[in-house]
Amino acid sequence: MTEIEGAAVPGRLLITRTTTGDGVDVVVLVGEVDLDGSGHLREVLLASVESAPGTVVDFGEVGFLDSSGINVLISAHRAAESRGVWLRLAAPRDAVERVLRLVGVDALIPCYPSVAEALAA
């Protein structure tokens, strides 16, 4: 199942949610994760952790992540934890990975070099 969530902000953030054969959601982000798109991202991630046994968020095509995006990830992590499901991050570019490390999100939410590694973990 592939569900195109659509652009949160046209031209700035595209969110695609796909479900693997074993029910795990892969949420692919393309663009910038900032205040303009974080509300829509929150909705998608919370829906994913409510319905799937696990969620991988693919940051491979994200060039920018601000504090509103960090807050969304933390909220999704808490929701996943409360349901007993998992949330993993995958393929962050250098700039995004740096932000994740600076604020300690990488210590809270497992982060993998690729989507395949996140799914296999």
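Before reading on, note that the structure itself is shown above.
A few points on the structure. None of the values given here were measured: they were computed from a predicted structure. (Residues numbered from 1 in each chain as written. Predicted model: local features only at pLDDT ≥ 70, side-chain atom pairs only at ≥ 80, totals over all residues. Heavy atoms only, no water.)

Per the secondary structure count, the chain includes 5 helices and 6 strands. In the chain, the succession of helices and strands from N to C terminus is β-β-β-α-β-α-β-α-α-β-α. Compactness check: the chain gives a C-alpha radius of gyration of 13 Å against a globular reference of 14 Å for 121 residues, within 12% of the reference. Once the C-alpha set of the chain is aligned to its principal axes, its extents read approximately 30 × 30 × 25 Å. In the chain, which comprises 121 residues, the proportion classed as buried is 43%. (Helix = DSSP H or I, 4+ residues; strand = E, 2+ residues; numbered from the N terminus. Rg over C-alpha atoms; globule rule 2.2 N^0.38 Å. Buried < 20%, exposed > 50% of the residue type's maximum accessible area, 1.4 Å probe, protein only.)

This paragraph deals with the environment of Ser 75. The residue Ser 75 is located in helix H2 (residues 67-83) in this model. For Ser 75, the contacting residues outside a window of four places in its chain are Arg 42 and Leu 46. (Contact = heavy atoms within 4.5 Å.)

A word on the side chain of Asp 58. Secondary-structure assignment places Asp 58 in strand S4 (residues 54-65). The charged side chain of Asp 58 is buried without a salt bridge, its nearest counter-charge being Arg 93 at 8.7 Å. Separated by 2.8 Å, the side chain of Asp 58 and the backbone nitrogen of Gly 60 make a polar contact. (Lys, Arg positive; Asp, Glu negative; His and termini not counted. Salt bridge = Lys/Arg side-chain N within 4 Å of Asp/Glu carboxyl O. Polar contact = N/O pair within 3.5 Å; in protein donor to acceptor, adjacent residues only side chain to side chain.)

This part covers the environment of Glu 32. In this structure, Glu 32 sits in strand S3 (residues 25-33). Considering only alpha carbons, one finds Glu 32 and Val 99, 67 residues apart in sequence, at a separation of 13 Å. Ignoring anything within four residues of it in the chain, the contact list for Glu 32 reads Arg 12, Leu 13 and Phe 64.

Note that S3 and S4 share 8 bridges and pair parallel. In the sheet register, Val 26 faces S4, and the bridge partner there is Val 56. Each parallel crossover has a hand, and for S3 linked through helix H1 (residues 35-51) to S4 it is right-handed. Alignment of S4 against strand S5 (residues 86-90), held across 5 bridges, turns out to be parallel. Residue Asp 58 lies in a different strand from S5, and its bridge partner there is Ala 90. In this region the chain leaves S4, passes through H2 and returns to the parallel neighbour S5; the handedness of that crossover is right-handed. (Pairing = 2+ DSSP bridges. Right-handed = clockwise from strand over helix to strand, strands pointing away.)

The subject of this paragraph is the packing of H1 against H2. Closest axis-to-axis distance for the H1/H2 pair is 9 Å, and the angle between their directions is 10°. In this view, H1 runs roughly parallel relative to H2, as classed from their interaxial angle. Contacts between H1 and H2 involve Leu 35, Ser 38, Leu 41, Arg 42, Leu 45, Leu 46, Val 49, Glu 50 and Ser 51 on the former and, on the latter, Ser 68, Gly 69, Asn 71, Val 72, Leu 73, Ser 75, Ala 76, Ala 79, Ala 80 and Arg 83. Considered class by class, the residues forming the contact of H1 with H2 number 10 nonpolar, 6 polar and 3 charged. (Axes fitted to C-alpha atoms, helices over the stretch in contact; angles between N-to-C directions. Parallel < 35°, antiparallel > 145°, perpendicular 65-115°, else oblique. Nonpolar A, V, L, I, M, F, W, Y, C, P; charged D, E, K, R; others polar.)

Once that is clear, we can look at unusual backbone geometry. Negative phi values dominate among residues other than glycine, just as trans dominates among peptide bonds. Positioned with a positive phi, Ala 91 is a non-glycine residue whose angle comes to about 55°. With respect to the element layout, Ala 91 can be found in the loop between S5 and helix H3 (94-103).

Enumeration according to the criterion identifies 6 salt bridges in this entry. With a closest N to O distance of 3.4 Å, Arg 12 and Glu 32 form a salt bridge. Pair noted here: Arg 12 is in the loop between strand S1 (2-9) and strand S2 (13-19) and Glu 32 is in strand S3, with a separation of 20 residues, a long-range link. Exposure remark for Arg 12: the relative accessible area of 28% places this residue in the partly exposed category.

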